[in-house]
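Listed below are the residues making up each chain.
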Amino acid sequence: MSQPSGSADLLQRFSFDNTDIRGEITHLHSSYQDVLKRHTYPAVIATAIGELMAATALLSANLKFAGRLTLQIRLAGNVSLLQAETNEQGQLRAIARYDENAAATELQLENGQFIITIEPEQGQRYQGITAIEGGNIAGALEEYFVQSEQLDSRFWLVCKDGIAAGFMLQKMPGTDSNDTDAWDRIGHLASTMKDEELLHLDNATLLHRLYHEEQVRLYPESPLSFFCTCSKPRTANALHQLGYAELDEILKESGKISITCEFCQQAYAFERPEIEDMFPERHLH
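Note that the structure is a prediction, hence the values are computed from the model and not measured.

A.B. asks: Run through the sheet that holds strand 11 (residues 225-226), naming residues and quoting values.
C.D. replies: With respect to topology, six strands assemble into an open sheet ordered 7-6-3-4-5-11, the strand pairing being mixed. With one partner strand each, in any of the chains shown, strand 7 (126-132) and strand 11 form the two edges of the open sheet. Inspection of the sheet shows strand 3 (residues 67-75) paired to strand 6 (residues 112-120) by nine bridges, in the antiparallel sense. Along strand 6, the bridge assignment pairs Leu75 with Gly112.

Have a look at this one:
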């Protein structure tokens, strides 16, 4: 039996016996709150970030290797970027970029690009791009899977009361099922689900309520958490890319170089000796 969604950050897979349909349910509580408490996002941004994190968690089930999966929404208006990412351990982080001088009521999720990036630690980087309209993340995901993966997929995403949740159905390729009506029937039943049910019911209760006449198989839960991959060595590596001349100028002006991680707000400071150590070739005679 699943724990109530409000008390745990979890991803759980399910499938329907004698069909080619599988699904995922996710709930984000602490991990979503950990993002919000590092930023003062207006409500429209906070809600979109929650939905995007839930979507990222649902797709993390497809990470069968060490690596990172990133969902990005790039827009032309006063909200320019929404981004959430996860790794194979279910560690999530997210960020938004928007015009902080705009009134909260003026912030718009306009039409733009929806980008899925998969970066294995070993192997080829993959990127898929589709359109997103009016910030509809579920619709963009469904479009992406039909276009790029030829997989019929349905997504339900909701973010309310400090919790984000997601529900996905997917028709798997290459499997024969005699139940030709299953996809339409199971999708229709899912569309009767209320936001409050997805947010607050435990998974077994929700699935029984939707599918008491189906044979549903629940798989073990996977934990999810907030985690930022930033570190002082990684930050130093990014600084090194700027080159010695640029860093030397900053040091002359400020005495030290301070960098704050956009995702978690962790601050890193570098004094001149640390910068000099990054460029050992300068000290060779």
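A.B. asks: Report on the sheet that holds strand 9 (residues 163-171), specifying residues and quantitative values.
C.D. replies: Taken in spatial order, the five strands line up as 8-9-2-1-10 in an open sheet, and their pairing is antiparallel. With partners counted over all chains shown, the strands left at the sheet margins are strand 8 (153-160) and strand 10 (216-223), one partner each. The mean inter-strand angle of the sheet, taken between neighbouring strand axes irrespective of direction, is 15°. In the sheet, strand 8 pairs with strand 9 via eight bridges, with the strands oriented antiparallel. For Arg154, the partnering residue across the bridge sits in strand 9 and is Leu169. Most of the contacts of helix 2 (residues 43-60) go to strand 8, to which it runs at about 140°, and overall it touches strand 1 (10-16), strand 2 (21-28), strand 8 and strand 9. Lying on the sheet, helix 6 (residues 203-211) is in contact with strand 1, strand 2, strand 9 and strand 10; it crosses strand 9 at an angle near 50°.

Reading the values: rules and limits
Residues numbered from 1 in each chain as written. Predicted model: local features only at pLDDT ≥ 70, side-chain atom pairs only at ≥ 80, totals over all residues. Heavy atoms only, no water. Pairing = 2+ DSSP bridges. Helix = DSSP H or I, 4+ residues; strand = E, 2+ residues; numbered from the N terminus. Axes fitted to C-alpha atoms, helices over the stretch in contact; angles between N-to-C directions. Contact = heavy atoms within 4.5 Å.

No statement about biological role is implied by the geometric values presented.
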